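The residues making up each chain are set out below.
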Amino acid sequence: MSGQLGVQLLLLLLWGSACLWLPSPAQGALVIPGEDAAVQETRSPARSLQKRSTNDVTVEVQSVIVKCVVTSRFAHTVMTSKALNKANISQEIFFEMELPKTAFITNFSMEIDGKVYVGDVKEKEKAKKQYEKAVSSGKTAGLVKASGRKMEKFSVTVNIAAESDVTFVLTYEELLQRKLGHYEILTRVKPKQLVQQFQIVTDIFEPQGISYVDAHATFLTNELLPLVEKTVEEKKAHISFSPTLEQQRTCSDCDGTLIDGDFIINYDVNRDKNLGDIQIVNGYFVHFFAPPDLPRVPKNVVFVIDRSGSMDGTKIMQTRQAMESILQDLHEDDHFGIIQFDDSIIQWRDSLAKATKENVAEATVYARDLRSRGGTDINEAVLRGVDMLVRDRAAKKIPERSNDMVILLTDGMPNSGVSNIGMIQKNVRTAIGGNMSLFCLGFGNDVDYSFLDVMSRENKGMARRIYEASDAAIQLQGFYEEISSTLLLDVGLSYPDNSVDFLTTNQFGQLFNGSEIVVAGRLTDSDLDNFLVEVLAKGPEEDFQIQGQATATDWNLIYPDEEYIFGDFTERLWAYLTIQQLLEKKSGDPEEKANTTAKAVDMSLRYSFVTPLTSMVVTKPETEDGPDSPLIADKLTEEQRQQAEKMVHHFAPPVYAHAPPVYWVDGDPHFVIELPEREDALCFNINDTPGTIFNLVIDPVSGILVNGQTIGDKMIPPDGKINTYFWRFGIIHQKLGVTLEVSTEDISMFQDGKQIKLQWSKTASLKGAKVDLVLTKDRSLTITLRDSVKFVILLHKVWEKHPYHQNYLGFYTLDSHLLSPSVHGLLGQFYHGIEFEVTNLHPGEVPEKPDATMYVKGQELNVTRGWQRDFRRDVKNGENVPCWFIHNNGTGFIDGDISDYIVSGLFKSV
């Protein structure tokens, strides 16, 4: 990076969208209006504290364009963003996009002053040396990070000279998967600022015919809704969203943007042929199979539920909720069983029960009583479920033509009974013997997902991660819905041996309602007269069998007006599908595994796919300091995503569903900014001399002022560290004419020329027209200002004979959204949100407290994952709240310097 940078700017382009944070000041001092002398600044010379703003933007985002072309379910997406550095100095631009985790990046390029820098896909081992060199030199080498459940985040920084522009282009491809009766195209857009030319365009080409198209977004208002243009014809559709710069604004004179969230397109195709749809183009074919109007196959399902100690609390509660809904969805011709396990195994019944209303009602009561305890004996629990199905089938207690399945839900590692993972997989594989399906749900980040994934695939099933969140019960129900309705069993798709080679998987355990089977291959014979396709499967009453002749698709006849429709899509679809299936193979044979890996690497390189076996090396332009280290874009496996999430989740704060944020200062003194919508928190400390008075909140519109004075220890402790705490707060609501002084000794309120005094030693409650006070003896004071904010002050009492410490107070703000956008102060400046990004997570000085890089308010800060405590529920011990800790008195995070918040009196303003 150039040493000549005068300003550090952060230009964040999310899915081609841009965000720019600049540390330029806004105009106007922060003072409380009115004539009350108590809140006038008496210090000389007068100082004004100014908020950082983005008014003086020196980087212009000229365009953000996302173009997606879907050809027979194969999506090719190109995201382009162009920005101009209007400043007279070079600046660092940070480009970031999010793409689906199922996609493969195929190209990335940067055009700077007419010169193009293109990423090069290499074998991962060959790129590893460049990666290690970049890491050892202190550079952030990784370009791809996990982002939520469905997405991956691609980011890169580049130094742009004065008055120069840069164009970023990212391309990726994926095969859309049909789930619950539709395909989904997801575009995540988080511009964070206005964009000159913003455009999302999607073209869908489906020769099979389009049955419906729906386009919506999480951010669409009534004004934006008409801007979603949708044209649907028989075999193609065009969807676009292109708001002007003015239409993007949150209000007519605002710089904020409405565009923030997910733009989602759902569609499905016509299904009027039982054989399915076969596309043959340029020597490759693809077969889509999902016949309509098939009756469902009855199922026999055993739910194997982990109730070990680690499931205690929210997880077991959410499991109970999900089980209640799942049991209600059983059909009367289904059979089911329930096994709960820890280090012991408990069966609801010895054999499966028919899903009558009476049995379902009894099972629901049983599920409501799930309780957590003990260890985790996965081996015996799964084997018991398998044995139940085997015995009932041998005894002909279940229908002959029905689907047997075991659904395992666990949140941890096996630690009771057989605990060797390889042995468990072997035992289960032997017991099932290919006669039923095993589906594994891994709850949270402590499970070995790879273990569950392999065990599922070996037994005609699949694994799914269930994320620890408020919607975990919905995740469990959603997965069950996908697999609950089987249409066909043992599905085999056959093609002429002498006409096809390099065929993808063509044998499937089942076809679920709302899904689709896809097979692709390369043709060896150009004579298609002999290309006979046959499908064999088992239905609920009789075998399913159909044959048909496939013919080449003439795309020019179907789409005569289209000059180009991604002509080699069948070949790239075949390559994508082949690589995905090769990566899924978990063979234990070393030679077979080596051959599978070699084939996957070869195909990834040949088609320029960034897969878990390849990397894209991005060479950055030289700066004034010489050549910059190359950056590496990798593809994350689900295990790598889990490991990254586990590291952060280990420090993640509790989730309060729909709870408003709380801001507080407590301890010596620790400032905490809670961000429930991001399931995170930020924190910083303030260290100054005892007796200093700080402004915490000041709102010139509502007339509210809160200041706090610190107190030190009685004497310097042996470690020499001087601790300071808040012991006194001054609160003014000028418009209501209310003034409060709260100290560790007592509480005084002044209103209408009268004084009311309360003692911490007595519980009290005062309700008035302007303010309510609720005092809990020796614990807390809740202050509710009429039609405004609520404050909670906690009293921390220390043993009066303690040699060092003294009593102190904690200050918590609730309902901060009721204050005006002009609110400021050490706490107040964060009341209306804070934009930040955390990247480059890496080990810190303390192993359990990793460091990271935070981009906030135009600054690049080193932060550390740590803990602070929220004492609202437990004033003695508090609850740990993990947060990103900003060092050096919050420098770079708070506006200005800590000295800017010092005032001369408890009721004085800055």
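Residues numbered from 1 in each chain as written. Predicted model: local features only at pLDDT ≥ 70, side-chain atom pairs only at ≥ 80, totals over all residues. Heavy atoms only, no water.

1. Describing the overall build of the protein
Test applied: Numbering of helices and strands starts at the N terminus; helices are DSSP runs of H or I of at least 4 residues and strands are runs of E of at least 2. Relative accessibility thresholds used throughout: buried, under 20% of the residue-type maximum; exposed, over 50%; partly exposed, between the two (1.4 Å probe, protein chains only). Two residues form a contact once any of their heavy atoms are found within 4.5 Å. All accessible-area figures derive from a Shrake-Rupley calculation using a 1.4 Å probe, and residue coverage is judged against the displayed protein chains alone.
Across its full length, the protein holds 12 helices and 55 strands. Of all 910 residues assigned to the protein, the portion counted as buried reaches 56%. Long-range pairs, those at least 24 residues apart, make up 68% of the contacts in the protein with a sequence separation of at least 6. Carbon and sulfur atoms form 48% of the exposed surface of the protein, whose accessible area is close to 38300 Å².

2. A look at helix H6 (residues 421-432)
Applied cut-off: In this analysis, the expected span of each helix is defined as 1.5 Å times one less than the number of residues it contains. This arc describes the spread of directions from the helix axis toward the C-beta atoms. For the purposes of these results, a polar contact is taken to be a pair of N or O atoms within 3.5 Å, where, inside protein, one atom must be able to donate a hydrogen and its partner to accept one; residues adjacent in sequence count only when each atom of the pair is a side-chain atom.
Here H6 spans 17 Å end to end across 12 residues, near enough to the 16 Å set by a 1.5 Å rise per residue. Of all the residues in H6, the buried ones are Ile424, Gln425, Val428 and Ile432. The arc that holds the buried residues of H6, viewed along the axis, is 100 degrees, so those residues lie on one side. As for H6, its buried residues are in contact with helix H5 (378-394), strand S27 (437-443) and helix H7 (449-457). With a side-chain oxygen positioned 3.1 Å from the backbone nitrogen of glycine 422, the residue opening H6 is asparagine 420. The first or second residue beyond H6 is glycine 433, which carries a positive phi of 60 degrees.

3. Thoughts on the packing of helix H3 (residues 314-328) against helix H8 (residues 472-483)
The criterion, for reference: For helices, the fitted line uses only the C-alpha atoms of the stretch in contact; every axis is such a line through C-alpha atoms, and the angle between N-to-C directions lies from 0 to 180 degrees. For any pair of crossing helices, the crossing counts as left-handed if the nearer helix is rotated counterclockwise from the farther one by less than a right angle, and right-handed if it is rotated clockwise. In this classification, the charged set is Asp, Glu, Lys and Arg, the nonpolar set is Ala, Val, Leu, Ile, Met, Phe, Trp, Tyr, Cys and Pro, and all remaining amino acids, among them Gly, are polar.
Contact geometry of H3 with H8 gives a least axis separation of 8 Å together with a crossing angle of 35 degrees. By crossing handedness, the relation of H3 to H8 is classed as right-handed. Between H3 and H8, the contacting residues are Gln318, Thr319, Gln321, Ala322, Ser325 and Ile326 on the first element and Ala472, Ala473, Leu476, Gln477 and Tyr480 on the second. When its residues are assigned to classes, the contact of H3 with H8 shows 6 nonpolar, 5 polar and no charged.

4. Considering the environment of glycine 309
Relative to the assigned elements, glycine 309 resides in the loop between strand S22 (299-306) and H3. When sequence neighbours within four positions are dropped, the list of residues in contact with glycine 309 reads Ser372, Arg373 and Gly374.

5. So, the state of the cysteines
We count it as follows: Pairs of cysteine sulfur atoms within 2.5 Å are what we label disulfides.
The tally for this structure, following the rule as stated, stands at 1 disulfide. Each sulfur of the disulfide joining cysteine 683 and cysteine 883 lies 2.1 Å from the other. Note on the cysteine 683 and cysteine 883 pair: the S-S dihedral is about 70 degrees, so by sign convention the disulfide is right-handed. Of the two residues, cysteine 683 is situated in strand S39 (residues 680-685) and cysteine 883 in strand S54 (residues 879-886); the sequence distance between them amounts to 200 residues. On the basis of relative accessibility, which here comes to 1%, the residue cysteine 683 falls in the buried class.

6. Things to note about the pattern of salt bridges
Put simply, the rule reads: A side-chain nitrogen of Lys or Arg and a carboxyl oxygen of Asp or Glu constitute a salt bridge if their distance falls within 4 Å.
A complete count under the given rule lists 43 salt bridges for this structure. As a salt-bridge pair, arginine 296 and aspartate 333 come within 2.9 Å of each other at their nearest N and O atoms. Taken together, the positions of arginine 296 in the loop between strand S21 (284-289) and S22 and aspartate 333 in the loop between H3 and strand S23 (335-341) put the pair 37 residues apart, joining distant regions of the chain. A salt bridge links aspartate 746 to lysine 757; the nearest nitrogen and oxygen atoms lie 3.6 Å apart.

7. With respect to the pairing of strand S29 (residues 486-494)
What counts is decided by this rule: At least two DSSP bridges between two strands are required for those strands to pair.
Counted residue by residue, S29 has 7 buried out of 9 residues, so it is predominantly covered. Bridge count for S29 against strand S31 (residues 507-512) is 5 bridges, and the pairing is antiparallel. Counted as the bridge partner of leucine 489 is glutamine 510 from S31. Here 4 bridges tie S29 to strand S33 (residues 532-538), and the two strands are oriented antiparallel to one another. Looking across to S33, one finds that leucine 489 is bridged to lysine 538.

8. A look at the sheet that holds strand S34 (residues 543-549)
Strand order in the open sheet made by the 4 strands is S31-S29-S33-S34, with antiparallel pairing throughout. Looking along the sheet, the strands with just one partner apiece sit at the ends: S31 and S34. Along the sheet, successive strands turn relative to each other by an average axial angle of 25 degrees, direction set aside. With 7 bridges connecting them, S33 and S34 associate as antiparallel partners. If you follow glutamate 534 over to S34, its bridge partner there is glutamine 547.

9. As for the packing of aromatic side chains
Short version of the rule: Stacked, edge-to-face and tilted labels apply to pairs of Phe, Tyr and Trp rings (six-membered ring for Trp) whose centres lie within 6.5 Å, assigned for plane angles under 30 degrees, over 60, and everything in between, in that order. For a Lys NZ or an Arg CZ to count as sitting over a ring, it must be within 6 Å of the ring centre and within 35 degrees of the ring normal.
Tallied over the entire structure, the rule returns 35 aromatic pairs. Seen from their ring centres, phenylalanine 336 and tryptophan 348 are 5.2 Å apart, and the 20 degrees between their planes marks the pair as stacked. Of this pair, phenylalanine 336 sits in strand S23 while tryptophan 348 sits in the loop between strand S24 (345-347) and strand S25 (353-354), and the two are 12 residues apart along the sequence. Each member of the pair, phenylalanine 336 as well as tryptophan 348, is classed as buried. Ring geometry for phenylalanine 791 and phenylalanine 811: centres 5.0 Å apart, planes at 35 degrees, overall tilted. Here phenylalanine 791, found in strand S49 (residues 790-796), pairs with phenylalanine 811, found in strand S50 (residues 808-814); they are 20 residues apart in sequence, far enough to count as distant. Across the pair, exposure class does not vary: phenylalanine 791 and phenylalanine 811 are buried alike. When the ring centre of phenylalanine 288 is taken as reference, the NZ or CZ atom of arginine 73 above it lies at 3.8 Å. One cation-aromatic arrangement involves arginine 865 over tryptophan 884; the distance from NZ or CZ to the ring centre is 4.6 Å.

10. Details of the side chain of asparagine 85
Turning to its location among the elements, asparagine 85 is positioned in strand S6 (residues 74-85). Engagement of the side chain of asparagine 85 in a polar contact is seen with the backbone nitrogen of alanine 87, the distance being 3.1 Å. In contact with asparagine 85, other than residues within four places in its own chain, are Thr58, Val59, Ser90, Gln91, Ile160, Ala161, Ala162, Glu163 and Ser164.

11. Let's talk about the confidence of the model for the protein
This is how it is decided: Here pLDDT means the predictor's own confidence in every residue, given as a number from 0 to 100.
Summing up the model confidence of the protein, the mean pLDDT is 84 and the portion of residues at 70 or higher is 87%. Ranking the elements of the protein by mean pLDDT puts strand S3 (residues 24-25) last with 29 and H5 first with 97. Note that residues 649-658 has pLDDT below 50 and, in this model, 22 contacts with residues that lie over four places away or in other chains.

12. Digging into the nonpolar core
Our working definition: Among the buried residues, those of types Ala, Val, Leu, Ile, Met, Phe, Trp, Tyr and Cys that are joined through side-chain atoms within 4.5 Å form a nonpolar core.
Grouped together as the largest cluster of nonpolar side chains are 60 residues, with contacts concentrated most on Phe108, Phe154 and Phe241. Ranked by residue count, the leading element in this core is strand S5 (residues 59-71), at 6 residues. Not counting the four nearest positions on each side in its chain, phenylalanine 108 is found in contact with Phe95, Tyr117, Val118, Gly119, Phe154, Val156, Phe168, Val169, Leu170, Met616 and Val618.

13. Digging into unusual backbone geometry
Although it is not a glycine, aspartate 293 sits at a positive phi angle of roughly 60 degrees. Positive phi, close to 55 degrees, is recorded for serine 608, a residue that is not glycine. As for its placement among the helices and strands, serine 608 is situated in the loop between helix H11 (590-606) and strand S35 (614-618). Note on serine 608: relative accessible area 30%, which makes it partly exposed.

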